[in-house]
Amino acid sequence: MTNYVLALCAAVGAVLYLFATSQLPQGGVGDPLGPKAFPYLVGVGLLLSAAVMAFETRKRRMAATALQPPASDPAEFEPSIEPRARRMLVAMAAWTLVYYVAFEPAGYVLATAVYLIGLLSVLNRGRWIVNLAVTLGFTVVSYIVFAKLLGVALPSGVLGV
């Protein structure tokens, strides 16, 4: 049941995201879709992810019921989330919230680098060189693509970059 709830939350979030995207102002010059193209792609991707999650959960549940004799409690077939995994999910959500809050004052480069190195140090333990290379590589390349090539105004923050 937990995975169905997660899929439903993802779908609701995607619909709200798509609604917010539809409220963006339309550009008077150039492409009529303007700055909405990328957010629409993200929203559709979120909806597809929610559908895949629900489908996979249903498929897994049906496979489990086909292999086991019927039980009186349907919750027996639902894989439970371990307490450690639950704490990890809560910690990751909190870390992401800290990133969103720090994004404007700290700036894109600093906030993104700290966020990524924090996540990678937990998810990819002990591989500091790889984690640092991925963090710096992603941060620098994404900054160049968005700020320099696409002209997106990213917050400069304390570094002034």
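Relevant structure appears above.
The structure displayed is predicted, hence computed values, not measured ones.

I'm lost on the overall build of the chain in this one. Help?
Within the chain, the secondary structure is distributed over 5 helices and 0 strands. The secondary structure elements of the chain, listed N-terminal to C-terminal, are α-α-α-α-α. In the chain, buried positions account for 18% of the 161 residues. For the chain, restricting intrachain contacts to residue pairs at least 6 apart in sequence, the fraction spanning at least 24 positions comes to 52%.

How do you make sense of the packing of helix H4 (residues 108-123) against helix H5 (residues 128-149) when you look at a structure like this?
Axis angle and axis distance: for two packed helices, these are the angle between their axes and the distance between the axes, and together they describe the pair. Their axes nearest at 9 Å, the elements H4 and H5 cross at an angle of 150°. Classified by the interaxial angle, the pair formed by H4 and H5 is roughly antiparallel. When you trace H4 past H5, the crossing you get is right-handed. In this structure, H4 uses Tyr108, Val109, Thr112, Ala113, Leu116, Ile117, Leu120 and Ser121 to contact H5, whose residues at the interface are Trp128, Asn131, Leu132, Val134, Thr135, Phe138, Thr139, Ser142 and Tyr143. By residue class, the composition of the contact of H4 with H5 is 11 nonpolar, 6 polar and no charged.

Even after reading the chapter, I still don't get H5, so can you show me in this structure?
Spacing of three or four residues puts side chains on the same side of an α-helix, whose turn is 3.6 residues. Given a rise of 1.5 Å per residue, 22 residues ought to cover 32 Å, and the 30 Å separating the end C-alpha atoms of H5 matches this to within 8%. Among the residues of H5, Asn131, Thr135, Thr139, Ser142, Tyr143 and Ala147 are the ones counted as buried. Down the axis of H5, the buried side of the element spans an arc of 105°, and every buried residue falls inside it. Exposed positions of H5 whose direction lies more than 90 degrees from the buried face are Ile129, Lys148 and Leu149. Its buried side turned inward, H5 meets H4. Directly after H5, the chain includes Gly151, whose backbone phi takes a positive value near 70°.

Got a minute to help me understand the packing of aromatic side chains in this structure?
Two numbers describe a pair of aromatic rings. These are the distance of the centres and the angle of the planes. Counted by the stated rule, this structure contains 4 aromatic pairs. Where Tyr99 meets Phe103, the ring centres are 5.7 Å apart and the plane angle is 75°; that geometry is what we call edge-to-face. Residue Tyr99 and its partner Phe103 are both found in helix H3 (residues 83-106); the two are separated by 4 residues, about one turn of the helix. When its relative accessible area of 21% is taken as the criterion, Phe103 is described as partly exposed.

Would you take a moment to explain the environment of Ala14 for this structure?
Within the secondary structure, Ala14 sits in helix H1 (residues 2-22). A C-alpha to C-alpha distance of 9.7 Å links Ala14 and Tyr40, two positions 26 residues apart in sequence. In contact with Ala14, not counting residues within four places along its chain, are Gly43, Leu46 and Leu47.

What's the story with the packing of H3 against H4 in this structure? I'm lost.
Interhelical geometry of H3 versus H4 gives an angle of 165° and a closest axis separation of 8 Å. Relative to H4, H3 is oriented roughly antiparallel. In this structure, H3 meets H4 at a crossing whose hand is right-handed. Residues Met88, Met92, Trp95, Thr96, Tyr99, Ala102, Phe103 and Ala106 of H3 form the contact with H4, whose own contacting residues are Tyr108, Leu110, Ala111, Thr112, Val114, Tyr115, Gly118, Leu119, Val122 and Leu123. Here the contact of H3 with H4 is composed, by residue class, of 15 nonpolar, 3 polar and no charged.

Can you help me understand the pattern of salt bridges in this one?
Once the charged atoms of two side chains with opposite charge are near each other, the side chains can pair. Evaluation of the coordinates by the stated rule reveals 1 salt bridge. Linking Lys59 and Glu56 is a salt bridge whose minimum nitrogen-to-oxygen distance equals 3.8 Å. With a gap of 3 residues between them, Lys59 and Glu56 both fall in helix H2 (residues 37-67), about one helical turn apart. We classify Glu56 as partly exposed; its relative accessible area is 32%.

Definitions and limits used
Residues numbered from 1 in each chain as written. Predicted model: local features only at pLDDT ≥ 70, side-chain atom pairs only at ≥ 80, totals over all residues. Heavy atoms only, no water. Helix = DSSP H or I, 4+ residues; strand = E, 2+ residues; numbered from the N terminus. Buried < 20%, exposed > 50% of the residue type's maximum accessible area, 1.4 Å probe, protein only. Contact = heavy atoms within 4.5 Å. Axes fitted to C-alpha atoms, helices over the stretch in contact; angles between N-to-C directions. Parallel < 35°, antiparallel > 145°, perpendicular 65-115°, else oblique. Left-handed = near helix turned anticlockwise from the far one by under 90°. Nonpolar A, V, L, I, M, F, W, Y, C, P; charged D, E, K, R; others polar. Expected span 1.5 Å × (residues − 1). Arc of directions from axis to C-beta. Phe/Tyr/Trp six-rings, centres within 6.5 Å; stacked < 30°, edge-to-face > 60°. Salt bridge = Lys/Arg side-chain N within 4 Å of Asp/Glu carboxyl O.

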